Amino acid sequence: SVGIKPSVFSIGFGKRIWGFNFKGIDFRISMIPLGGYVKFEEEGPTGIPQSFFKIPLWARLWIVFAGPLFSFILGPILAFFVSLYNGEVSVFTTKIYSSKSPIFQRGDSIISINGKIPNSGEEATRLLKGKNEKTVEIFREGKLLRLNLSGDYSDSLEFRIPPVVGSTVKGFPAHNILKNGDIIARVDTVKVFSWQDLVSYVQSKGEGDTVKLEVIRNGEMLSFILPVKYEGGKGKLGMFVKYNKIWPPSPEKVIDGTIFLTKKFSLFFFEGLKKLVSGETKVEESVGGPITIGAVMASAASSGLDVWLSILIVITINLAIINLLPIPGLDGGHIVYLVVDEIYYGFSGKRIPERASSTALMIGIIIIISIAIFAIGLDIKRLITGKLWDMLR
């Protein structure tokens, strides 16, 4: 404690929907679940308590940074639940994609290991672990082979998710063409061994390109020629892989998933900013106000809890980053104000005049309101032109 008493500690923003009072502090959950805020007693005109100036600078900066910090903490917490909810994706094949050992070849299917039939690549890897003697039955080019091995082969083999279609995305070329369970055998002249092979090939295509897919459906070979949709610098057909889910996932997978999602969603803001600066995307396509955010959240809710929470993570982390921008009225502006005020105090022995602080705050509020009006204006334009619904399809 640094001696500054808060009056409100809120998870989320907006109207209070639940909470309790403890030692004079209102701990609450608010309607809009995006980050949170702390309100202090005796806040001055700039939103900073006058008693701030009685404590060291490091303590003042720590208090102001606590708000964005909570949002940064909330992001990984939500990512943890998404990773836990999604479970562990199983490589539900025993067909070998690649091997570091000359004993095994690409395309070999492991049938049994010491009499046990593995149901997935993960299970095969576990059975191949250890230096004990192993009898491995494999299926290679139409023949059943028996291998007598000794040694640990768990790190020698790579299994990849088979190129089996799970679902398609509305508005993309594969929609209503490919079906759940379709096996992609070949794309153009390239034989497909895994889903990753298919994705890499299609992503290399550009605007106006087409691909020929040879698909096995109910034992019958079918051919489809599909146009490639070029989006985000990559070619896409709009397909999701069919996979098996292991639940509950291992702790290692949950931790890895949490780190991956947090890193991925944290970079969205900077990637979007980079695209805006480079002109790769337009402001109209990248900026969304409350209407767009609400519509995206509603659409995500219908796609599943994991999708809804993922959108929430993106918004929470991005708001934390935005809140650290050096604009008066935001926490980043408060941090700059406190540092400049301390430098000013060191030279003059006085604090920045209240009138100057209020003027800076007013400028910041005007900037924030202007951005909000611009974003809402884009929302209304999307509603009128129908582009909002196109974004959600």
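As the structure is a prediction and not an experimental result, all values here were calculated from the model.

## A closer look at the side chain of Ser 154
Then, number 1: Along the chain, the position of Ser 154 falls in the loop between strand S7 (143–150) and strand S8 (157–159).
Then, number 2: Judged by its relative accessible area of 10%, Ser 154 is buried.
Then, number 3: Here the side chain of Ser 154 touches Asp 152 through a polar contact of 2.6 Å, side chain to side chain.
Then, number 4: Contact partners of Ser 154, with chain neighbours within four places excluded, come to Thr 125, Leu 128 and Lys 129.

## What about the pattern of salt bridges?
Then, number 1: This structure, assessed with the given rule, holds 8 salt bridges.
Then, number 2: Here Glu 214 ties to Arg 186 by a salt bridge, and the two come within 3.8 Å at their closest N and O atoms. Here Glu 214 is found in strand S12 (residues 210–217), whereas its partner Arg 186 is found in strand S10 (residues 183–187), with 28 residues between them in sequence.
Then, number 3: For Glu 214, a relative accessible area of 21% translates into the label partly exposed.

## Quick look at the sheet that holds S12
Then, number 1: A sheet is described by the order of its strands in space; here 4 strands give the open sequence S11-S10-S12-S13, paired in antiparallel fashion. The open sheet is flanked by strand S11 (190–191) and strand S13 (220–227), the only strands paired with a single partner.
Then, number 2: Strand contacts of helix H3 (residues 195–203): S10, S11 and S12, with the helix running at about 45° to S10, the strand carrying the most contacts.

Rules behind the numbers
- Residue positions within a chain follow its written sequence, with the count starting from 1.
- A pLDDT threshold of at least 70 governs which residues receive local features in this predicted model, and a stricter bar of 80 or more applies before side-chain atom pairs are shown or counted, although totals over entire chains, interfaces and linings include all residues.
- Side-chain metrics in this entry use all non-hydrogen atoms of the structure; hydrogen atoms and water are not considered.
- Secondary structure counts use DSSP, requiring at least four H or I residues in a row for a helix and at least two E residues in a row for a strand, with both numbered from the N terminus.
- Here the term buried applies to any residue with accessible area under 20% of the maximum for its type, exposed to any over 50%, and partly exposed to those in between, with areas from a 1.4 Å probe on protein chains only.
- Think of a polar contact as two N or O atoms within 3.5 Å of one another; within protein, one of them needs to be a possible hydrogen donor and the other a possible acceptor, and neighboring residues in sequence only count if both atoms come from side chains.
- Between two residues, a contact is recorded if the distance between any of their heavy atoms is within 4.5 Å.
- Salt bridges, as used here, are contacts in which a Lys or Arg side-chain nitrogen is within 4 Å of a carboxyl oxygen on Asp or Glu.
- By this definition, two strands are paired if DSSP reports at least two bridges between them.
- Fitting a line to C-alpha atoms yields each axis, with helices limited to the stretch in contact; the angle taken between N-to-C directions then spans 0 to 180 degrees.

By themselves, these observations are geometric and do not establish any function.
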